[in-house]
Amino acid sequence: MPRKPRPAKPTVTLTRRLPDAVESRMGELFDARLRTDDRPMTRDELAMAMQQCDVLVPTVTDPLDADLIEQAGDRLQLIASFGSGVDHIDLHAARRKGIIVTNTPGVLTEDTADMTMALILSVPRRLAEGEKLVRSGTWAGWSPSSMLGHRIGGKRLGIVGMGRIGQAVARRAAAFGLAISYHNRHRLPEAVERETGALWHADLDMLLETSDIISVHCPLNDDSRGMIDARRIALLEPTAYFINTSRAEITDEAALVDALAAGRIAGAGLDVYAHEPAVDPRLLALSNVVLLPHVGSATFEGRDATGAKVITNIRTWVDGHRPPDQVLEGWV
């Protein structure tokens, strides 16, 4: 496919509101089409935007399937996604159309690992329940038998997906006295295992059976979708806790809710949901679950760094070079 000319000042369409500093810089460098509100674009709005710009800057809330990409105008040459995940973009369709796709890896690792560690601490120690008790006005004061939880020191954390974020979680967890096991498609180098003290499990079932806390950190793809299904959830001990700050679709959410409601596992900490922003009403009714509104990466610093990477990818592309964060079809 012949290379299209790259405009010196491309039309760049944003699908969501981004931090002021990011939008301001984009306005200086590009013909930036900004959003006036922060609701996700409808499918028709996305289709129209993709026909009228050189560069689209979508987020995880914008599913760009094969049909939408096929309908994109000839102008669209770059999809510079705001975020590290690209499971919302059909990479095969983009390649067929000659559209480059970029993402922003690495910038949200520490923020997501911090939030994961917060959930690992808060679920066994019942912090959300305690906060609600204080606010209710019914707290009767300290008691030696009140609000008892479980210590995490000495427990085993099983990490599903030991990439950047998984490794960052492992380093934090080790400092709290947790033993670390992990499951990955490929075993990590010995130096990384030694640094984190992590034990590799080639068999995911064995990891689930032997861990006190499970934390999910793998990307969403054909292999991982539905990977933690009802059968595997049943492998967890009744005293186990389940943490997910990755993608909800990796887990059978209905089976997880069933296990939580029946007391077949002790609790969960969730930052992602199968039908966001809707949350299963049964989850809302459970006291042994900490629910967060998809804020694992929500820091000022992280959002600004993500925007800076998007801008770098666009500028590099404009200059005729391969963007540093170009995503290939086999990325996941």
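From a predicted model like this one, the values you see are computed outputs, not experimental measurements. (Residues numbered from 1 in each chain as written. Predicted model: local features only at pLDDT ≥ 70, side-chain atom pairs only at ≥ 80, totals over all residues. Heavy atoms only, no water.)

### Section: the overall build of the protein chain
1) Next: Regarding its fold elements, the protein chain presents 13 helices and 12 strands.
2) Next: Its C-alpha atoms give the protein chain a radius of gyration of 22 Å, near enough to 20 Å, the size a compact globule of 332 residues would have.
3) Next: Here the C-alpha coordinates of the protein chain stretch approximately 70 × 50 × 30 Å along the principal axes.
4) Next: Buried positions account for 48% of the 332 residues belonging to the protein chain.
5) Next: Taking as baseline every contact in the protein chain between residues at least 6 positions apart, the subset at least 24 positions apart corresponds to 61%.
6) Next: Looking at the protein chain as shown, the accessible area adds up to about 16200 Å², and 53% of this sits on carbon and sulfur atoms. (Helix = DSSP H or I, 4+ residues; strand = E, 2+ residues; numbered from the N terminus. Rg over C-alpha atoms; globule rule 2.2 N^0.38 Å. Buried < 20%, exposed > 50% of the residue type's maximum accessible area, 1.4 Å probe, protein only. Contact = heavy atoms within 4.5 Å. Areas by Shrake-Rupley, 256 points an atom, 1.4 Å probe, with all protein chains shown as cover.)

### Quick word on the pairing of strand β7 (residues 179–183)
1) Next: Where burial is concerned, most of β7 is hidden: 4 out of the 5 residues are buried.
2) Next: Relative to β7, strand β6 (residues 156–160) runs parallel, the two being bridged by 5 bridges. Within β7, the residue paired with V160 across the bridge is H183.
3) Next: Traced from β6 through helix α7 (residues 164–175) to β7, the parallel crossover comes out right-handed.
4) Next: Strand direction decides the pairing type here: β7 and strand β8 (residues 198–200), joined by 3 bridges, are parallel. (Pairing = 2+ DSSP bridges. Right-handed = clockwise from strand over helix to strand, strands pointing away.)

### A closer look at the UniProt feature "domain: D-isomer specific 2-hydroxyacid dehydrogenase catalytic" (unreviewed entry) in the protein chain
1) Next: Per the UniProt record, the feature "domain: D-isomer specific 2-hydroxyacid dehydrogenase catalytic" (unreviewed entry) sits at residues 28–327.
2) Next: The span residues 28–327 is 37% helical and 13% strand by assignment, and the distance between its end C-alpha atoms comes to 26 Å. (UniProt positions renumbered as here; feature names shortened; annotations may be inferred.)

### Regarding the sheet that holds strand β12 (residues 289–291)
1) Next: Within the open sheet, the 7 strands sit side by side as β8-β7-β6-β9-β10-β11-β12. Their pairing is parallel. Every other strand in the sheet has two partners, leaving β8 and β12 as the edge strands with one partner each. When the angles between neighbouring strand axes are averaged without regard to direction, this sheet yields 20°.
2) Next: Across 4 bridges, strand β9 (residues 213–216) lies against strand β10 (residues 241–244) in parallel orientation. When the bridges of β10 are listed, V216 appears paired with N244. (Axes fitted to C-alpha atoms, helices over the stretch in contact; angles between N-to-C directions.)

### Let's talk about the domain arrangement of the protein chain
1) Next: We note that the domain assignment places domain 1 (11–103 + 299–319) and domain 2 (109–291) within the protein chain.
2) Next: Distance between the C-alpha centres of domain 1 and domain 2: 32 Å. (Domains from an automatic or database assignment.)

### A short note on the sheet that holds strand β2 (residues 31–33)
1) Next: Spatially, 5 strands are ordered β2-β1-β3-β4-β5 in an open sheet, and the strand pairing comes out parallel. The strands lining the two open edges of the sheet, one partner per strand, are β2 and β5 (100–102). Neighbour-to-neighbour, the strand axes of this sheet turn through a mean angle of 20°, independent of strand direction.
2) Next: Here strand β4 (residues 78–80) runs beside β5; their pairing, made up of 3 bridges, is parallel.

### Observations concerning the pattern of salt bridges
1) Next: A full pass over the atoms with the stated rule returns 23 salt bridges.
2) Next: Between R39 and D37 there is a salt bridge, and its shortest N-O distance comes to 3.4 Å.
3) Next: Assessed through its relative accessible area of 35%, R39 is described here as partly exposed.
4) Next: What makes D37 partly exposed here is its relative accessible area of 30%. (Salt bridge = Lys/Arg side-chain N within 4 Å of Asp/Glu carboxyl O.)

### Focus on unusual backbone geometry
1) Next: The amide bond that connects E276 to the next residue, P277, takes the cis arrangement and shows omega of 5°.
2) Next: In this fold, P277 is placed in the loop between β11 (267–270) and α12 (281–285).
3) Next: One non-glycine residue, R126, adopts positive backbone phi at about 60°.
4) Next: Relative to the assigned elements, R126 resides in the loop between α5 (109–122) and α6 (127–136).
5) Next: Look at R126 and you get partly exposed, because its relative accessible area is 26%.
6) Next: If you check the backbone angles, M147 has positive phi at about 55° while not being a glycine.
7) Next: Inspection of the secondary structure assignment puts M147 in the loop between α6 and β6.
8) Next: Overall, the relative accessible area of 27% leaves M147 in the partly exposed class.

### What about the UniProt feature "domain: D-isomer specific 2-hydroxyacid dehydrogenase NAD-binding" (unreviewed entry) in the protein chain?
1) Next: As annotated in UniProt, the feature "domain: D-isomer specific 2-hydroxyacid dehydrogenase NAD-binding" (unreviewed entry) corresponds to residues 117–296 in the numbering used here.
2) Next: Structurally, residues 117–296 comprises 33% helix and 16% strand, and the distance from its first C-alpha atom to its last is 10 Å.

### Regarding the packing of helix α1 (residues 20–29) against helix α13 (residues 300–318)
1) Next: Packing of α1 against α13 leaves a shortest axis separation of 10 Å and a crossing angle of 15°. Accordingly, the angle class assigned to the pair α1 and α13 is roughly parallel. In this structure, α1 meets α13 at a crossing whose hand is right-handed. The segment α1 lies against α13, with V22, R25, M26 and L29 engaging R303, D304, G307, V310, I311 and R315. (Parallel < 35°, antiparallel > 145°, perpendicular 65-115°, else oblique. Left-handed = near helix turned anticlockwise from the far one by under 90°.)

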